[in-house]
Amino acid sequence: MRASGISGLPRRFPIATPRAMTHPERPHRNFYGRIRGKTLKKSQKAYLSEDLAPLSPGAVDWDENPEREPLDLDALFGGKPVWLEVGFGGGEHLVHQAASNPETGIIGAEPYINGVAMLLGKIRRAGVENLAIHPGDARDLMDVLPDNSIARAFLLYPDPWPKTRHHRRRFVTQEHLEPLARVLQPGAIFRVATDIADYVRQTLEEVPKAGFEWLAERPQDWRVAWDDWIPTRYEQKALREGRVPHYLTFRKI
Ligand SMILES: C[S@@+](CC[C@H](N)C(=O)[O-])C[C@H]1O[C@@H](n2cnc3c(N)ncnc32)[C@H](O)[C@@H]1O
């Protein structure tokens, strides 16, 4: 494993390397979010250097997999149904779902290394074994997921990008939704949670265009959290600040 080039990280931290970023076939993909925050604690650096590589879903980055060969999910999870969480933040929902659903395998994608480190601490404490982690952009992961391979997907409090000129950065754009639709099985459930009214608007406009139907009544409405829900860090902050969660459920047609 090559050095990451990010100071303070263990040398073996496997995020996209400069060579991967410049692979001639690699599509140009801007990522506008943060990939690092406060200095990592010693324990978090240890989690990253010891635990992350064994949780790899396989060859995702362009330097490892320039042909974009699909991942072997049956080998990864022994034929279990596979779920996907995009942008898991600190990983509380991801670990909760993994612990509640041992009969599934769940892949999480998150480029923010402090969040990845937080997740790894939670995995150690919960002892869950049905997770795989891509510490990077979900678009790179979706490139190498087989067609119709994912049974459920979660997009929980995606970055809101409130300014109108930044709406095209939102995850609910066709650049992200078309590959998501390709990898989801027909009938798969796609959950979106957001506290931003205009994000609801864009989600309800864009997700159906990519081949999903909104389950508006499912069986409650958008104001009621899913039965198996656990509030994420971002949701707790939104509630403290008086914003209203919206829980949208879609089904892949
Ligand atoms: C507002 S935070 C919410 C985190 C978490 N889901 C929660 O509810 O607490 C949005 C997260 O999405 C991640 N993110 C943004 N774009 C992404 C992408 N293309 N692939 C994977 N994660 C992404 C960000 O790094 C950030 O951690």
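These numbers were taken from a predicted model, which means no experiment stands behind them. (Residues numbered from 1 in each chain as written. Predicted model: local features only at pLDDT ≥ 70, side-chain atom pairs only at ≥ 80, totals over all residues.)

Student: An account of the overall build of the protein chain is requested, with residue identities and associated values reported.
Tutor: The number of helices and strands found in the protein chain is nine helices and seven strands. Taken against the 2.2 N^0.38 rule, which gives 18 Å for 253 residues, the C-alpha radius of gyration of the protein chain at 17 Å falls within 12% of a compact globule. When its C-alpha atoms are laid out on the principal axes, the protein chain stretches across 50 × 40 × 40 Å. In the protein chain, which comprises 253 residues, the share counted as buried stands at 39%. Counting contacts in the protein chain only where the partners sit at least 6 residues apart, residues at least 24 apart contribute 81% of the total. (Helix = DSSP H or I, 4+ residues; strand = E, 2+ residues; numbered from the N terminus. Rg over C-alpha atoms; globule rule 2.2 N^0.38 Å. Buried ≥ 20, exposed ≤ 12 C-beta atoms within 10 Å, placed from the backbone. Contact = placed C-beta atoms within 7 Å.)

Student: Break down the packing of helix α4 (residues 92–100) against helix α5 (residues 113–126) for me, citing the residues and quoting the values.
Tutor: It is the contact of α4 with α5, at a shortest axis distance of 9 Å, that shows an interaxial angle of 25°. It follows from the interaxial angle that α4 and α5 lie roughly parallel. Crossing hand, α4 versus α5: right-handed. Between α4 and α5, the residues in contact are E92, L94, V95 and A99 and L119, K122, I123 and A126, respectively. For the contact of α4 with α5, the residue count by class is six nonpolar, no polar and two charged. (Axes fitted to C-alpha atoms, helices over the stretch in contact; angles between N-to-C directions. Parallel < 35°, antiparallel > 145°, perpendicular 65-115°, else oblique. Left-handed = near helix turned anticlockwise from the far one by under 90°. Nonpolar A, V, L, I, M, F, W, Y, C, P; charged D, E, K, R; others polar.)

Student: Can you explain the pairing of strand β2 (residues 105–109)? Please cite residues and give values.
Tutor: Within β2, five of the five residues are buried, which leaves it mostly tucked inside the rest of the structure. Residues of β2 alternate between two faces, with G105, I107 and A109 on one and I106 and G108 on the opposite face, all of them buried. Summarising the sheet, strand β1 (residues 82–86) and β2 pair through five bridges and their orientation is parallel. Opposite E85, over in β2, you have G108 as the bridge partner. Handedness of the crossover is the feature at issue here: the chain leaves β1, passes through α4, returns alongside β2, and the resulting connection is right-handed. Traced from β2 through α5 to strand β3 (residues 131–134), the parallel crossover comes out right-handed. (Pairing = 2+ DSSP bridges. Right-handed = clockwise from strand over helix to strand, strands pointing away.)

Student: Account for the site of the ligand, with residues named and values stated.
Tutor: Not every one of the 21 residues close to the ligand is listed here, only the nearest: G87, G89, A138, T232 and Y234. When residues of the shell around the ligand are traced back to their parent elements, those giving at least two are α6 (138–143) and α9 (233–240). With three residues, α9 is the single largest residue contributor to the shell around the ligand. Each residue belonging to the shell around the ligand can be placed in one class, and the counts come to ten nonpolar, five polar and six charged. (Near = placed C-beta within 6 Å.)

Student: Would you mind going over α4 in detail, with residue names and values included?
Tutor: Residues E92, H93, L94, V95, Q97 and A98 constitute the buried set of α4. Where α4 is buried, its residues meet β1, β2, α5, β3, β4 (150–156) and α9.

Student: Break down unusual backbone geometry for me, citing the residues and quoting the values.
Tutor: Backbone geometry at R68 places phi at a positive 55°, although glycine is not the residue there. Relative to the elements of secondary structure, R68 occurs in the loop between α2 (42–51) and α3 (73–77). Residue Y157 is not a glycine yet carries a positive backbone phi of 50°. Among the secondary structure elements, Y157 is positioned in the loop between β4 and α7 (174–183).

Student: Help me get a handle on the sheet that holds β2, residues and values and all.
Tutor: Taken in spatial order, the seven strands make up an open sheet running β3-β2-β1-β4-β5-β7-β6, and their pairing is mixed. Every interior strand has two partners, whereas the edge strands, β3 and β6 (212–214), have only one. Pairs of neighbouring strands in the sheet enclose a mean axial angle of 20°, with direction left out of account.

Student: Which residues make up the UniProt feature "binding site: S-adenosyl-L-methionine" (unreviewed entry) in the protein chain, and what values go with them?
Tutor: UniProt records the feature "binding site: S-adenosyl-L-methionine" (unreviewed entry) at E85, E110, D137 and D159, using the numbering of this structure. Spanning 75 residues, the named residues nonetheless gather at one spot, since no C-alpha pair among them exceeds 14.1 Å. Relative to the assigned elements, E110 resides in the loop between β2 and α5. Among residues more than four places away in sequence, those in contact with E110 are G87, F88, G89, G115, V116 and P135. Relative to the assigned elements, D159 resides in the loop between β4 and α7. Exposure remark for D159: the 16 C-beta atoms within 10 Å place this residue in the partly exposed category. (UniProt positions renumbered as here; feature names shortened; annotations may be inferred.)

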